[in-house]
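Below, each chain spelled out in residue letters.
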Protein chains: 2
Amino acid sequence: MITFNRQEIIDNYQYIYKKRNEIEKIADDMVEKGFDYLFFTSSGGSMAMMDPFVFYLNQLSDIKTEGMLSADYLILDNRKISDKTIAFLTSKSGDTKETVDAAKKLKEKGVRIFSAVGVEDSVLESLSDDCVVYKSGRPQELIFYILIFRIMNKMGYFEDYEDFIDNLEKLGEDLADVRIAADEKCIDYARKYCKEPYNIWIGSGDLWPTTYSYSMCVLEESQWIRTKSVRSPEFFHGTIELVEDDVCVTLVTGEGPTRAQDERVKNFVEKYSSKFTCFDTKDYDMPHIKEKYRQYLSPVVMNAVLQRISKNIEVITDHSLDIRRYYRKLEY
Amino acid sequence: MITFNRQEIIDNYQYIYKKRNEIEKIADDMVEKGFDYLFFTSSGGSMAMMDPFVFYLNQLSDIKTEGMLSADYLILDNRKISDKTIAFLTSKSGDTKETVDAAKKLKEKGVRIFSAVGVEDSVLESLSDDCVVYKSGRPQELIFYILIFRIMNKMGYFEDYEDFIDNLEKLGEDLADVRIAADEKCIDYARKYCKEPYNIWIGSGDLWPTTYSYSMCVLEESQWIRTKSVRSPEFFHGTIELVEDDVCVTLVTGEGPTRAQDERVKNFVEKYSSKFTCFDTKDYDMPHIKEKYRQYLSPVVMNAVLQRISKNIEVITDHSLDIRRYYRKLEY
């Protein structure tokens, strides 16, 4: 299995899981001090990484919350924000321009800022009231599972918090093994479709952000593969007409409440395209996770699966995932 | 000028404008009876048509509002909805399945339902407390300019309401003349790019829904042209890497607050693609509209411009805008 180190995945997972107490203290302090609104803002793949938590908050609680691109917040402002608001931002480099500018603007408004950043001593960290530096820690979502589900729990929602996060202790092993289980299918997919001129990617609910960001921030950005991503129910309002026998269509589906939307897509596309693939989190065992918690983990499981596509594509096409035409090579 | 009848456009506009009093009465009654939340829900292009009004409400008022796809509402519900909520739905046929099912669910919850429907005696109309049947009336947005801006006005926002809607009286003429002014550029665009294998469409703010829906519900659905649509600031987080000299990129830009996001895209793409086009509402005169109101009209102006692309493409490619492979030809 290429570009894969099981122990490293487990170690990277543990790097974040060991911060459980530190993160829980932040959550407890947020609840104790009180807030009127939880505001998530970032850019690109970082925003997409946080989007599922807005989804879970809306599903599981009455806590007022919203996500907004930092570029939009900077121009449009947000009338719901007050000095009782808590903002959540994330950036791997800690210096993404719009995200940093959003943090500055939020700080001026007296908003409490939480950030998750990949490197130490970043500008974003310096602007934050609370910051988790995750370095090689993966997946970053784990920070938010602990933080956001703890907040919900302390606010009287999601009673199962302790048991849920206890369950996650060995999720790193499961996510490594999901990769092993998915690799053969992903190699096959990568070989067949790495040269396709156009790829329709479809997903829904808490997996829509994964669909959006994997196709744009991985396939487009680092493999220069052309994609169109669309939400499962929206597929039927236009993109459906592009489906022909030789059009490559990829569906990602998870265990959250919108699975039925994906099944409708599957039932249709598998009849009309011979280049249809469905990646389904249900196909992967997670021995450390109770059945009832799997529904909240679709994004991290699906990302583990999809990573095997990109890790294989970069070798098959001899196009490193790190090559860019423009990003951080030019000013724009 | 093909498939164009100036008088018909003006008459269709007037068909809705003449309902001004009727629509204002509905708005006044909504404000008088009170509400806790304005909820917009529909599917595909109909949802995209209403999305700018969520944008304007958020920009101009503190009224609690949100948009949600009907397919998502049906599965995920929405904890903010109460029997004091008003819901807005629209469907040309009045029988779009998810939209009708959402109306049924909303009715059960005691929500006041407003709908805009293209035909008389539809299921959606029968489920609505208030319904505007627009028949050949265009653009449907006019119903919402009157309804939503009147609600804002009566709630203490947007003082200029009367003058704004007075200004719109002859917008139909302006929108017909915008089409005339845009036609040459659109013919040229249609001829050059109707066979492109992949088209990147970019837009932002209140024109993002237009970008999304024109590319999906017109180019994809009725011309089987492959597109990828992306928000202007998000373009820089992935899709940018696909830009090469021969990649067709189309930017739509308007006069709303996010124009600077589009200018950043323009400055970049015009350097790296020789197949770059920018459609800009600023290029079109609207003698009946005061400068200060143009910022709210970008979606209807841009739709008038873009319609000239599709009207010309269908003739150039001899592919009628009414042909479908699947929609309403198969069950799915």
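Cut-off values and rules
Each chain carries its own residue numbering, running from 1 in the written order of its sequence. Chains carry letters from A onward and ligands carry numbers from 1 onward, assigned in written order. Local features in this predicted model are restricted to residues whose pLDDT is 70 or higher, and side-chain atom pairs enter the listing and the counts only when it is 80 or higher, whereas totals over whole chains, interfaces and linings include all residues. Excluded from the side-chain calculations are hydrogens and water; all other atoms, namely the structure's heavy atoms, are used. Per the convention used, a helix needs a DSSP run of H or I reaching at least four residues, while a strand needs a run of E reaching at least two, with both numbered from the N terminus. The size measure is the radius of gyration over C-alpha atoms, and the globule rule it meets is 2.2 Å times the number of residues to the 0.38 power. Each residue is assigned to one of three classes by its accessible area relative to the maximum for its type, calculated with a 1.4 Å probe on protein chains only: buried under 20%, partly exposed between the two thresholds, exposed over 50%. The contact rule is simple, with two residues in contact once any of their heavy atoms fall within 4.5 Å. To measure how exposed things are, a 1.4 Å probe is used in the Shrake-Rupley method; for residues, cover is taken only from the protein chains shown. One less than the number of residues in a helix, times 1.5 Å, gives the span that helix is expected to have. What sets the superposition is a least-squares fit of C-alpha atoms, and only residues with pLDDT of at least 70 in both copies go into it. For helices, the fitted axis covers only the stretch in contact; all axes are lines through C-alpha atoms, and the angles between them, taken along N-to-C directions, range from 0 to 180 degrees. Just so you know how the angles are binned, under 35 degrees is roughly parallel, over 145 roughly antiparallel, 65 to 115 roughly perpendicular, and the rest oblique. Less than a right angle of anticlockwise turn of the near helix away from the far helix marks a crossing as left-handed, whereas a clockwise turn marks it as right-handed. Nonpolar residues are Ala, Val, Leu, Ile, Met, Phe, Trp, Tyr, Cys and Pro. Charged residues are Asp, Glu, Lys and Arg, and all others, Gly as well, are polar. We call two strands paired when DSSP finds no fewer than two bridges between them.

Draft legend 1. Summary view of the overall build of chain A. Each helix and strand in chain A was counted, giving 13 helices and 9 strands. For 332 residues, the compact-globule formula gives about 20 Å, and the C-alpha radius of gyration of chain A, at 20 Å, lands near that figure. Considering only C-alpha atoms, chain A reaches an extent of 55 × 45 × 40 Å along its principal axes. Classification of the 332 residues of chain A by burial places 62% in the buried group. For chain A, long-range pairs separated by at least 24 residues make up 77% of all intrachain contacts whose partners lie at least 6 apart in sequence. Of the accessible surface of chain A, which amounts to about 12,700 Å², a share of 44% is contributed by carbon and sulfur atoms.

Draft legend 2. Main features of helix α12 (residues 259-272) of chain A. With 14 residues, α12 of chain A extends 20 Å from end C-alpha to end C-alpha; this agrees with the ideal 20 Å at 1.5 Å per step. Listed in full, the buried residues belonging to α12 of chain A are Arg-259, Gln-261, Asp-262, Val-265, Phe-268 and Val-269 of chain A.

Draft legend 3. Looking closely at the relation of the copies chain A and chain B. Laying chain A over chain B is done by rotating through 180° and shifting 0.0 Å along the axis; what remains is an RMSD of 0.0 Å. The transformation just described matches what one would write down for a two-fold rotation axis. Measuring from the rotation axis to each C-alpha of chain A, the shortest distance belongs to Lys-228 of chain A, at 2.4 Å. A high fraction, 100%, of the interface residues of chain A reappear at the interface in chain B, so the copies pair face to face through one surface.

Draft legend 4. Structural view of the environment of Ile-10 of chain B. Residue and element names in this part refer to chain B. Here Ile-10 lies in helix α1 (residues 6-17). Residue Ile-10 is classed as buried on the basis of its relative accessible area of 11%. For the pair Ile-10 and Cys-278, spaced 268 residues apart in sequence, the C-alpha separation works out to 27 Å. Leaving out residues up to four positions away in the same chain, Ile-10 has contacts with Gly-172 and Glu-173.

Draft legend 5. Structural view of the packing of helix α3 (residues 44-60) of chain A against helix α10 (residues 208-223) of chain A. All names here are of chain A. Closest axis-to-axis distance for the α3/α10 pair is 9 Å, and the angle between their directions is 165°. Viewed along their axes, α3 and α10 adopt a mutual orientation that is roughly antiparallel. Crossing handedness for the pair α3 and α10: left-handed. Here Gly-44, Gly-45, Ala-48, Asp-51 and Pro-52 of α3 lie close against α10, whose contacting residues are Pro-209, Tyr-212, Ser-213 and Cys-217. By residue class, the composition of the contact of α3 with α10 is 5 nonpolar, 3 polar and 1 charged.

Draft legend 6. Highlighting the sheet that holds strand β5 (residues 130-133) of chain A. All names here are of chain A. The strand order across the open sheet built from 5 strands is β2-β1-β3-β4-β5, with neighbouring strands paired in parallel fashion. Single-partner strands in this sheet number two, and they are β2 (65-69) and β5. Neighbour-to-neighbour, the strand axes of the sheet open up by a mean angle of 15°, direction not taken into account. As paired strands, strand β3 (residues 85-91) and strand β4 (residues 112-117) are joined by 6 bridges and run parallel to one another. The residue bridging Ile-86 from the neighbouring strand is Arg-112, located in β4.

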